[in-house]
Structure formats: C-alpha cells, structure tokens
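# Structure assessment
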Amino acid sequence: MSNGIVVFIEHRNGVLNKTSLEAVAGAQLLGSALQQEITAVVVGSDASALAQEIAAYDVAKVINAGNAKLVDYTPDGYTDAMEHVVKQLDPHLVLLPHTYLVRDFAPKLAARFGKSLISDCIRAGVADSSITFTRRIFLGKLDADVVSDGEPPVFATFQSGAYRPDQARKGNGAAVEGITVDVGEIRMTPEAPFQEVKQAVDLSKADIIVAVGRGIKSKDNLALAEKLAEALGADLAASRPICDAEWLPIDRQIGSSGQTVAPKLYVALGISGAIQHLVGMKNSGTIVAINKDPEAPIFDIADYGIVGDLFEAVPVLTEEIKKIKGAS
Amino acid sequence: MNIIVLMKQVANKDAILRINKEATWIEEGDLSFEVSESDGYALEEALRVREKLQGEVVVCSMGPQRVKSVIKDALARGADRAIHVVGDNLGHLSPYATASALAEAIRDEKPDLVFTGLQSDDYGYGQTGVILAELLGLPHATIVIEVDASAERLRVKRELESGWYQWYTMPTPALLTIQSGISQIRYATLKGIMAAKKKEVKEVTPSAEIVDRPAHQRIARVYLPQKSKQTQLLGNGDAKAGAVELAQKLHTEARVI
Ligand SMILES: Cc1cc2nc3c(=O)[nH]c(=O)nc-3n(C[C@H](O)[C@H](O)[C@H](O)COP(=O)(O)OP(=O)(O)OC[C@H]3O[C@@H](n4cnc5c(N)ncnc54)[C@H](O)[C@@H]3O)c2cc1C
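Residues take numbers from 1 onward in each chain, read along the sequence in its written order. Both sets of labels track the order of writing: A upward for chains, 1 upward for ligands. Local features are withheld for residues below a pLDDT of 70 in this predicted model, meaning they are given only at 70 or higher, and side-chain atom pairs are given and counted only at 80 or more; totals for whole chains, interfaces and linings count all residues. As a convention, hydrogens and water are excluded, and side-chain values are obtained from all of the structure's heavy atoms.

Across its full length, chain A carries nine helices and 18 strands. Structurally, chain A occupies a C-alpha span of about 70 × 45 × 35 Å along its principal axes. Accessible area is worked out with a 1.4 Å probe on protein chains only. A residue is then buried under 20% of its type maximum, exposed over 50%, and partly exposed in between. Out of the 328 residues belonging to chain A, those deemed buried represent 59%. Two residues qualify as a contact provided that any one of their heavy atoms is within 4.5 Å of a heavy atom in the partner residue. Long-range contacts, defined as pairs at least 24 residues apart, comprise 66% of the intrachain contacts of chain A with a sequence gap of at least 6. A total accessible area of about 12,600 Å² is found for chain A, and carbon and sulfur atoms account for 49% of it. Lys and Arg are tallied as positive, Asp and Glu as negative. Neither His nor the chain termini are counted. One atom stands in for each charge, and that atom is NZ of Lys, CZ of Arg, CG of Asp or CD of Glu. Each charge class in chain A was averaged separately, 31 positive and 41 negative side chains, and the resulting centres sit 3 Å apart. Every helix listed is a DSSP run of H or I at least four residues long, and every strand listed is a run of E at least two residues long, numbered separately from the N terminus. Each accessible area value is a Shrake-Rupley result obtained with a 1.4 Å probe; residue values ignore everything except the protein chains displayed when judging cover.

Given below as structure tokens:
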C-alpha cells in the first residue's frame, strides 16, 4: 500500500533553496490532514550537511540520496535519483517546490510513472481524505481546482509563495538515512552558472519603485514613467518584456528571473501581474496598479488601483504629486 | 538539422474569458485564438537554426480544425511543412497524454531537434516538452534563451532564477523548451503567405488508447481568483479623477509621499 508523503529539497552546492521550506510547510499541512508521515529527500553527491539541516524540521525522516554523478544538477541525474527513491518508498504523494530546477526534471520523473505533475499549485486542501489542488490558469486570470484520480503516487509542485518558509514547523530531530541511488548515463554537460553582468543597480534598497510593463507600448513613452519616478523620488523598474525589448537594461527587471524588491511604495503601470513578476514585488509595502483591464491579476495584490488608461492617469498623477510635495 | 516545432493554439491574450456552465473550463464558442506566446519564439529559433545549418522545419500542432490558422501562419513565416494532430477535445488531455499523442505523431520523423515553448498560456502546465523528451528518449533542456547549434554539437543557454544563467552541452537529437522574448519574431511576408498555400499539411489522429486512457488529473471547478487584498479602486472608470484621488490617498492614508 502506498503510504506517506515525499518532499523534495532543492539546493545548489549544499545551499538550501528556501522555496523547499514552503514545500515542507505544504507537506506538513497535508500530512496532518491525511495522517501521513513525511520523508524529506535531498539529492546530491555529498549533501549530508544539508540533510542534517533539514532533519531539524518536523518530518519523519530525511533521505540523503547520494551518487557521485549528482555533483552538478542535470535532469538525467536527478530524475534517476528521484525515481529510485520514489520506487523504494512507494509514497502516496510526492511534493516539490515549483522552481526552475524542478520544472526541468520533475515532469520527466512523473512520466516514469506514466503521469504528469499537478504543477504550480497555489494551495491544497483535504476533504474526506481526498486532496484538492488549486492552480492558476490563463496567466493568472482564473483558478482551477484539480483533483487526482487513479493510482498513487500523485506528483504535485507548489508555486513560490503558496506557503511561507517560516510556516515549516521544526521538530525533535528526524533520523537521516543515507542511501546510494542508481544513476544511469548523463547526457548533458553543464558549465558553471554565471551572472550576465555585475548588476549595476540594486533595486532591493529602493524606497519607491515605479515599474512599467508592456502597457507602456513604446520606448518613447517611458518618459512618462520617468517623470512620475522623478516626482516621487523613485527608481524605475520593469517587467520582463520591457527588458527583453531592451527599452530598459536587464538589471531593472523585477521578478523570478530578475530582482526581488520590497519598497515601501511600488507603482505598477501597465503590468498584468503574472506570477513570475509578482514573486519579485509582492512584499512591497503599498502596491499601486494602473491597468485598463479590470481582471488583470495585479489587482489581486494591489492596495490602490485605477482601472483605466495609464496615458491618462500618469500625467495627472505626476502633477498632483508635485503639488503635494511642493506644499509640504 | 531537421527540426520539429510544437505550437499550441490558445485563447487570445486580450480575450474576455467567460467560465462555462459546468464551471470546468471557459466558454470557447465566441473566442478568438492565437498561438501561445513562447511557441512563437520556438518557431523563430528553429528558423534561425535552419538558416545556419540547412535542413527542414516541421511545425506540429494539435487540436480541432481551427488550429490550422496557427499552422498556416507558421508556414507563412517559413516552416517547410506541417503535421496536424486532429481532434476536438484534445485540448483537455493531461500533459502526459498530450505528450503521448505528440510522440506518436512525430516519432517516425526522426528529428534532430524538437522545440516547444516553455509553457502554454492557457493551462500553463510547463510539462509537455519535458515529458515528450522522456517518451522519445531524448535529452532535454528547459527555459532556453540561446541556442548555439553546429553540426558537431548543441550548446544551449538556460535561464536560472534571479539573474543567473548556465550553459549546457548535449548530443542531438534533443528537445528544447524555449523562453519568450529572446528574439525578434519575423513577420510573414506576402511571398511567404503565398508559398504557404502549397506546403504540405499532414493530418493524423491520435490512437484511441491515448485519448481514452483515464486521466489521472481532472479539473473539478474553475472560478475567479479570490483577492488576497482589499483593493481600493479609485476614479470609478475615470482615470484622471482616479489619479487625483490616488495622490491624496498616498499622501494622507498610506503616507508614503
Ligand atoms: C520561467 C519564466 C520566468 C519569468 N520571469 C519573469 C520575471 O522575472 N519578471 C517578469 O516581469 N516576468 C517574467 N516572466 C514573464 C511573465 O510570465 C509575463 O509574461 C510578464 O511579466 C508580462 O509582462 P507585462 O505585465 O508587462 O505584460 P502583459 O502581460 O502583456 O501585460 C500588459 C498589461 O498592460 C495593460 N495595458 C495595456 N495598455 C494599457 C494602457 N493604455 N493603460 C493601462 N494598462 C494597459 C494590459 O491590460 C495588461 O494587463 C517569466 C515567465 C516565465 C515562464
């Protein structure tokens, strides 16, 4: 009988990816509701220090799945390793954080079991001992409750922010078990990770940020946002398409591939609010969104919103702010 | 290099989405459709590799007859021929079943490279390419932002989180999932549009085994997201009035200016 919950712990060179703790928090909630034990799994060539670190959390066991071929991440290596672990444990549920690394190998892992993942979930709940996962569809415009039918294991990934890392409960010290996993041929050769250019601007220190998205339409229109930024004493930032188009340099990109910021005021102009953008700015103090689409997901996290044309709103906003600042 | 590009048709980005009566999906009857964004970049990348290394670009799309518009557009931009996996309800298959149907359709083509977008704009599973690679026995890389292919080797630049990147080298045949925004997508020329009319579009239907296999995941309900914050909407449709109000609120209520 399949039993228990496996949770995958991600790291780079032994350094924990904090999103893993969010998955641990999710696993603990589901574990309590389903009366199932949790096994955390660390994969690597020598991840014993990290396995010990994870043993501090309230899990039944930590498995340190080792093999010399796992020194660098490769999808071939990690899939083989996790397949070995999942087959050995025969769990009910396999949970992973929806990171770029997990996106790269977990579908392959699930496919080994003739399945796909219930990917990028924002929450999960249990009723009558069956789990309902919720995921965003249509770029965040709608939510879908997804249930799993058929044989275990069920594979699911949690979106960054689905749970908070500090929700992961500490325990009394779980047992760590080291196992050697079978890893077959690894076909891809990774080079060392690198950063493109030393980031010239550090937006994480900014007090106020004015961020522009595709709604700004052209590079020339950036002047509008610049004037607002100037009036506010703000730094200018952008969503990905603006940096892809090179209207602003890449070090001004906010989001999962760019910078993570938490200014006291974040003004989003013509940004739809895709999850990859939101993860980079949702902890800002006050969030303002100006967008002509009332359904844009950015409004889900905004404190103040204007549903309307940014080309009408922004010049007026700039003038009004100048007036207020001039008077005070 | 013979390259297959997988392209999915999805609801138009700006379309107003209405939830269907059963609350299991959206009302598709009166929707307009377009190609999923990252798939467009996958095609562009394939055309660029072909320009360098010769060979053929074959576009493959799955869905009802309406997906022919995605195929025609790809052919007009320069793809050489197309495979259409036809069926009315294929959009709702699980990523595993989708990948199985696609594997069946392209296996005999023996491509050197398979390109897909990194995730679709509707379901957003982000899995079909990777599962397909597994089913075809190919090595893969995801979130690819640069392809450096030569006759001897394939080197690709992958995006990692927070401004980090990494190069991977792998043998061909291989499958790559391509990130959006990595190039300037070409337009179809008038000549391209004319030429597309003569290009081959092969229709295939997926085997019943794949389509009828019980799904292991299923949508129980679709609904509008719950808001995590109480947003104060200002201006009531008048953007300028909203801006005046906003400046006041930021000053006196939020006290951030
Ligand atoms: C693996 C991965 C990593 C990613 N990393 C990042 C990242 O780090 N950062 C990031 O930002 N994105 C990232 N993305 C892309 C992300 O999914 C979105 O595609 C992107 O954030 C959309 O940018 P946008 O909001 O500017 O554009 P769109 O989604 O096109 O939105 C434009 C908005 O402007 C509005 N608008 C248009 N005209 C007007 C007007 N006149 N007035 C007011 N509003 C108007 C529209 O209603 C729309 O909501 C990533 C995606 C993936 C898959």
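So, about the interface of chain A and chain B. Facing the 81 residues of chain A at the interface are 86 residues of chain B. Once two parts are joined, some of their accessible surface, as seen by a 1.4 Å probe, is lost; buried area is that loss totalled over both. A combined buried area of about 7,700 Å² lies between chain A and chain B, and 54% of that area is made up of carbon and sulfur atoms. It is R103, F138 and Y304 of chain A that lose the most area in chain A upon contact with chain B, and together they represent 10% of the buried surface on that side. Any Lys or Arg side-chain nitrogen located within 4 Å of an Asp or Glu carboxyl oxygen qualifies as a salt bridge. For the pair chain A and chain B, the interface holds 11 salt bridges. Across the pair R112 of chain A and E134 of chain B runs a salt bridge whose closest N-O atoms are separated by 2.7 Å. Here a polar contact means two N or O atoms within 3.5 Å. Within protein one must be a hydrogen donor candidate and the other an acceptor candidate, and residues neighboring in sequence count only if both atoms are side-chain atoms. On the surface where chain A and chain B come into contact, there are 49 residue pairs in polar contact (both at pLDDT 80 or more). Among the elements that make up the side of chain A that touches chain B, the one with the highest residue count is helix α9 (residues 310-327) of chain A (eight residues). Three classes are used: nonpolar for Ala, Val, Leu, Ile, Met, Phe, Trp, Tyr, Cys and Pro, charged for Asp, Glu, Lys and Arg, and polar for all others, with Gly counted as polar. Here the side of chain A that touches chain B is composed, by residue class, of 36 nonpolar, 18 polar and 27 charged. Only strands joined by at least two bridges in the DSSP assignment are considered to pair. Two strands pair when backbone bridges link them, and strand β18 (residues 304-307) of chain A and strand β13 (residues 232-233) of chain B are joined in this way by two bridges, in the parallel orientation. Directly across from G305 of chain A, in β13 of chain B, lies its bridge partner L233 of chain B.

As summarised here, the arrangement of the six strands in space is β15(A)-β14(A)-β16(A)-β17(A)-β18(A)-β13(B), forming an open sheet in which the pairing is parallel. Each having just a single partner strand, β15 (235-238) of chain A together with β13 of chain B make up the two edges of the open sheet. Sheet topology places strand β14 (residues 208-212) of chain A next to strand β16 (residues 265-269) of chain A; five bridges connect them, and they run parallel. The residue bridging I209 of chain A from the neighbouring strand is Y266 of chain A, located in β16 of chain A. As a rule, the C-alpha atoms of each element are fitted with a line to give its axis, helices using only the stretch in contact, and angles between N-to-C directions run from 0 to 180 degrees. On top of the sheet, helix α5 (residues 222-232) of chain A reaches β14, β15 and β16 of chain A; it is set at about 170° to β14 of chain A, its chief contact. Against the sheet, helix α7 (residues 239-252) of chain B contacts β16, β17 (286-291) and β18 of chain A together with β13 of chain B, and its axis sits at roughly 170° relative to β18 of chain A.

Once that is clear, we can look at the nonpolar core. Nonpolar cores are built from buried Ala, Val, Leu, Ile, Met, Phe, Trp, Tyr and Cys residues. Side-chain atoms within 4.5 Å join them into one set. Counting 60 residues, the largest nonpolar core has F105 of chain A together with F115 of chain B as the members making the most contacts within it. Sequence-distant contacts of F115 of chain B, defined by excluding residues within four places in its chain, comprise I3, I4, V5, L6, A42, E45, A46, V49, V147, L176 and I178 of chain B. Judged by nonpolar contacts, the second largest core, of 51 residues, contains L16, A27, L95 and I131 of chain A.

The subject of this paragraph is the packing of helix α3 (residues 95-106) of chain B against helix α4 (residues 128-136) of chain B. All names here are of chain B. The contact between α3 and α4 brings their axes to 8 Å, and the two run at 50°. Judged on the interaxial angle alone, α4 and α3 are oblique. Handedness of the α3/α4 crossing: right-handed. Packed against α3, whose contacting residues are P95, Y96, T98, A99, S100, L102, A103 and I106, the element α4 presents T128, I131, L132, L135 and L136 at the interface. Of the residues that constitute the contact of α3 with α4, the class distribution is 10 nonpolar, three polar and no charged. Any angle that is under 35 degrees is reported as roughly parallel, and any over 145 degrees as roughly antiparallel; angles of 65 to 115 degrees are reported as roughly perpendicular and all others as oblique. The handedness criterion is simple: a crossing whose near helix is rotated anticlockwise from the far helix by less than a right angle is left-handed, and one whose near helix is rotated clockwise is right-handed.

What follows deals with the sheet that holds strand β5 (residues 61-66) of chain A. Strand order in this open sheet of 10 strands is β11(A)-β5(A)-β4(A)-β1(A)-β6(A)-β10(A)-β7(A)-β8(A)-β9(A)-β12(B), and the pairing throughout is mixed. Single-partner strands in this sheet number two, and they are β11 (175-180) of chain A together with β12 (217-223) of chain B. Mean inter-strand twist for the sheet, computed between neighbouring axes without regard to direction, equals 30°. With five bridges joining them, strand β6 (residues 93-97) of chain A and strand β10 (residues 154-158) of chain A adopt parallel strand pairing. Residue pairing in the sheet places L96 of chain A in a bridge with T157 of chain A of β10 of chain A. Of the strands in this sheet, β1 (5-9), β4 (38-44), β6, β7 (118-127), β8 (130-137) and β10 of chain A are in contact with helix α1 (residues 19-34) of chain A, which crosses β1 of chain A at around 170°.

Stacked, edge-to-face and tilted labels apply to pairs of Phe, Tyr and Trp rings (six-membered ring for Trp) whose centres lie within 6.5 Å, assigned for plane angles under 30 degrees, over 60, and everything in between, in that order. Scanning all chains against the criterion turns up 11 aromatic pairs over all chains. Ring centres 5.0 Å apart and planes at 40° place the aromatic pair F138 of chain A and W25 of chain B in the tilted group. Here F138 of chain A is found in the loop between β8 and β9 (142-148), whereas its partner W25 of chain B is found in the loop between β2 (9-11) and β3 (33-35) on a different chain. Given a relative accessible area of 6%, F138 of chain A falls into the buried group. A ring pair is formed by Y123 of chain B and Y125 of chain B, whose centres lie 5.0 Å apart and whose planes are at 10°; its orientation type is stacked. Just as Y123 of chain B is buried, Y125 of chain B falls in that class too. Among the aromatic residues, those joined into a ring-pair cluster are F8, Y73, Y78 and F105 of chain A. Above the ring of Y223 of chain B, the side-chain terminus of R221 of chain B is found at 4.0 Å from the ring centroid. Working rule: Lys NZ or Arg CZ, within 6 Å of ring centre, within 35 degrees of ring normal, means a charge sits over the ring.

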